[in-house]
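An overview of the molecular structure
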Amino acid sequence: MMDNEKTWDKILQIKTRGRDDSNADQYRFPYEPTPYCVLERLAESGLFTKKDIILDYGCGKGRVGFFLSYQTKAKTVGIEYDSRIYEKALENKKTAVSRIGTEFVLTRAEEYVVPKEVNRCYFFNPFSVEILRKVIARMIESYYENPREIFLFFYYPSDEYMCYLMTVYELEFYDETECYDLFEGSDTRERIMIFRLPYGEFFE
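Quick look at the structure, then. Numbering of residues starts from 1 in every chain and runs along the sequence as written. Totals for whole chains, interfaces and linings use every residue, but because this is a predicted model, local features are given only for residues with pLDDT of at least 70 and side-chain atom pairs only at 80 or more, for both listing and counting. Computation of side-chain values: all heavy atoms of the structure, hydrogens and water removed.

**Description of the sheet that holds strand S6 (residues 172–178)**
Here is the rule: Here, any two strands with at least 2 DSSP bridges between them count as paired. Here a helix means four or more residues in a row that DSSP labels H or I, a strand means two or more in a row labelled E, and each is numbered from the N terminus. What counts as an axis is a line fitted to C-alpha atoms, over the stretch in contact for a helix, and the angles between N-to-C directions run from 0 to 180 degrees. Contacts are residue-level and defined by heavy atoms, with any inter-residue pair within 4.5 Å sufficient.
Across the sheet, which stays open at both edges, the seven strands sit in the order S3-S2-S1-S4-S5-S7-S6 with mixed pairing between neighbours. Strand pairing shows two members of the sheet lacking a second neighbour, strand S3 (102–106) and S6, which therefore form its edges. The sheet shows a mean angle of 20° between the axes of neighbouring strands, direction not considered. In terms of strand pairing, strand S1 (residues 53–57) meets strand S4 (residues 120–123) through four bridges, oriented parallel. By the bridge assignment, Asp56 is partnered in S4 with Tyr122. The strands that helix H3 (residues 63–72) touches are S1, strand S2 (75–80), S3 and S4; relative to S3, the one it contacts most, it runs at about 160°.

What follows is the structure in C-alpha cells.
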C-alpha cells in the first residue's frame, strides 16, 4: 500500500500523502487523501470521460483531481476551505503532470454555487451531514436550473451520510463499488456508493 502511495505521487509529480487534522472540528473533518488503490478502482468504473467535469468536495492537496484528470482526461474542480491546505494544492499544481484542466477554489462547500457544467461529484467524508444537506441543496438547485445527469460518488460513507442520502427525493441509488479486498480486515465501509440525479425524470 505504501509503495503504491509513493509511486503514484511520484508519477503525478505531487505531494499528497499524510493526514492533517490541525483545523478539523465537529463539522469539518481532517484531511486524509483517498488511497490511490481506491482511485484506481474509481477510474475503472467507466463513469468518467474527457467530456466530464468533476467536483471534488474537500479536495485537500488535490490528489483526486490530479489522478482522475491524468487517468480519464476529465476536467476537475477541487473545493477546499482550509487556506493552508489549499496553498499546498496550488503548490502541487505547479509541478503536476495533469495540471492543465485542474483547478481549485478556496471556499466553504455549503456556500459554493455548483457550475452548470459539473456532472460528477466526489466525497470522502469531508464534512458533517449537516453541511452535506446544504451542499446537496446547492447541487439540486443547479440541477433544476440546468438539467443534466449528475453522478455522485461517496467513498467510505458514514451511516449518517447513507441515511440522509436515501431520503433525498431527487437522488437515486445507482451502484456500489466494493473496496473490501484492497485492505486488511472486513470493514464494510470500504466501498464507493454511487448515486445519480437522472436527466429527464423530473423535467417531463
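**Digging into the environment of Thr72**
Take Thr72: it is sitting in helix H3. Through-space distance from the C-alpha of Thr72 to that of Glu190 is 23 Å; in sequence the pair is 118 residues apart. Setting aside chain neighbours within four positions, we find Thr72 in contact with Ala43, Phe48, Thr49 and Lys50.

**Structural notes on unusual backbone geometry**
We apply this condition: We call a residue buried when its accessible area falls under 20% of the maximum for its residue type, exposed when it is over 50%, and partly exposed in between, using a 1.4 Å probe and counting protein chains only.
Even without being glycine, Asn125 reaches a positive phi, approximately 45°. Tracing the chain through its elements places Asn125 in the loop between S4 and helix H5 (129–145). For Asn125, a relative accessible area of 12% translates into the label buried. You will see that Tyr156, though not glycine, has its phi angle at about 50°, which is positive.

**Some remarks on the nonpolar core**
How we decide: What makes a nonpolar core is a set of buried Ala, Val, Leu, Ile, Met, Phe, Trp, Tyr and Cys residues whose side-chain atoms join them at distances within 4.5 Å.
Counting 32 residues, the largest nonpolar core has Tyr57, Phe123 and Leu152 as the members making the most contacts within it. Going through the elements one at a time, S1, S2, S4, H5, strand S5 (150–155), helix H6 (159–165) and strand S7 (191–197) are the ones with two or more residues in this core. When residues in this core are grouped by element, the largest group, eight residues, is from H5. Non-local contacts of Phe123, meaning those with residues more than four positions away in its chain, are made with Tyr57, Leu132, Val135, Met139, Leu152, Phe153, Phe154 and Tyr155. Counting residues in hydrophobic clusters, the runner-up holds 30 residues, among them Ala43, Phe66, Phe104 and Ile194.

**Brief notes about the pattern of salt bridges**
Rule in force here: Salt-bridge detection follows one rule: a side-chain nitrogen of Lys or Arg within 4 Å of a carboxyl oxygen of Asp or Glu.
Evaluated as defined, the whole model comprises eight salt bridges. We note a salt bridge from Arg41 to Asp181, for which the minimum N-O separation is 2.7 Å. With a gap of 140 residues between them, Arg41 in helix H2 (residues 36–43) and Asp181 in the loop between S6 and S7 connect regions that are remote in the sequence. Take Arg41: its relative accessible area is 24%, and that puts it in the partly exposed class. With relative accessibility at 56%, the residue Asp181 sits in the exposed group. Close ionic contact of Arg191 with Glu176 constitutes a salt bridge, the shortest N to O distance being 3.9 Å.

**Focus on the packing of H2 against H3**
We apply this condition: Geometric relationships in this document are graded by angle, where less than 35 degrees denotes roughly parallel, more than 145 denotes roughly antiparallel, 65 to 115 denotes roughly perpendicular, and other angles denote oblique. We call a crossing left-handed when the near helix sits turned anticlockwise from the far one by less than a right angle, and right-handed when that turn is clockwise.
Contact geometry for H2 and H3: axes closest at 10 Å, N-to-C directions at 40°. With respect to their mutual orientation, H2 and H3 come out oblique. Crossing handedness for the pair H2 and H3: right-handed. Counting all contacts with H2, which are made through Tyr36, Leu39, Glu40, Leu42 and Ala43, the residues of H3 involved are Arg63, Val64, Phe67, Leu68, Gln71 and Thr72.

**A look at a nonpolar patch on the surface**
To be explicit about the condition: Each patch is built from residues that are more than 30% exposed by relative accessible area and take part in no salt bridge. Like charges join if they lie within 9 Å; nonpolar side chains (Val, Leu, Ile, Met, Phe, Trp, Tyr) join within 5 Å. Note on areas: Shrake-Rupley, 1.4 Å probe, and residue coverage restricted to the protein chains presented here.
Residues Ile11, Tyr70 and Val97 make up a contiguous nonpolar surface patch of about 220 Å² in total accessible area. Note that Ile11 resides in helix H1 (residues 2–12).

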